[in-house]
Amino acid sequence: MHRFIISTATLCVLILAVTFAWAATKAPESLTLSPPEAIKATKTFVTFPHAKHEAAKLECATCHHTWDGKGEIQNCSTAGCHDQPGKKGETAYYTAFHAKKTDSSCLGCHKTMKKQGRKNVPVSCKQCHPKDK
């Protein structure tokens, strides 16, 4: 009987730990991508559909490439990540989203998926940056 109680308690703790870990990394359904304050936006901000990317089974670390899988997930404009102005360089904010020859940027990944025959994948400016209404 004592072994059963310990096993049941251990199982409950494990289930709670997994539940809290999952809830802690749950992304919002959508969010607005905007540059750091030091960078002037030249186009409208982007509404990013997190839910669609989760449904496509995209791993969090694909975009959040410095995330260790445990701590808080930072966004691209966090100091030291992609917070630099300009269009060139690994830490440029523009590069994080628009680099064409790498699957680690939004545009690069979308272009790869388009070549693979995926439909409804935005690859033009106005598909992500709609005109102000």
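Scroll up for the structure.
All values derive from a computational prediction rather than experimental measurement.

Criteria and thresholds
Residues numbered from 1 in each chain as written. Predicted model: local features only at pLDDT ≥ 70, side-chain atom pairs only at ≥ 80, totals over all residues. Heavy atoms only, no water. Helix = DSSP H or I, 4+ residues; strand = E, 2+ residues; numbered from the N terminus. Buried < 20%, exposed > 50% of the residue type's maximum accessible area, 1.4 Å probe, protein only. Areas by Shrake-Rupley, 256 points an atom, 1.4 Å probe, with all protein chains shown as cover. Contact = heavy atoms within 4.5 Å. Phe/Tyr/Trp six-rings, centres within 6.5 Å; stacked < 30°, edge-to-face > 60°. Lys NZ or Arg CZ within 6 Å of the ring centre and 35° of its normal.

Caption draft 1: Broad picture of the overall build of the chain. If you tally the helices and strands in the chain, you get 6 helices and 2 strands. Scored against the burial criterion, the 133 residues of the chain give a buried share of 20%. When the accessible surface of the chain is summed, it comes to about 10600 Å², and 60% of that surface belongs to carbon and sulfur atoms.

Caption draft 2: Representation of the side chain of His-50 in the model. Structurally, the position occupied by His-50 is in helix H2 (residues 50–55). In this view, His-50 contacts Ala-27, Pro-28, Glu-29, Ser-30, Leu-31 and His-64; residues no more than four positions away in its chain are not counted.

Caption draft 3: How the structure looks around the packing of aromatic side chains. Across all of its chains, the model carries 1 aromatic pair by this definition. Taking the ring centre of Tyr-94 as reference, the NZ or CZ of Lys-87 above it sits at 4.9 Å.

Nothing here speaks to function; it is all geometry.
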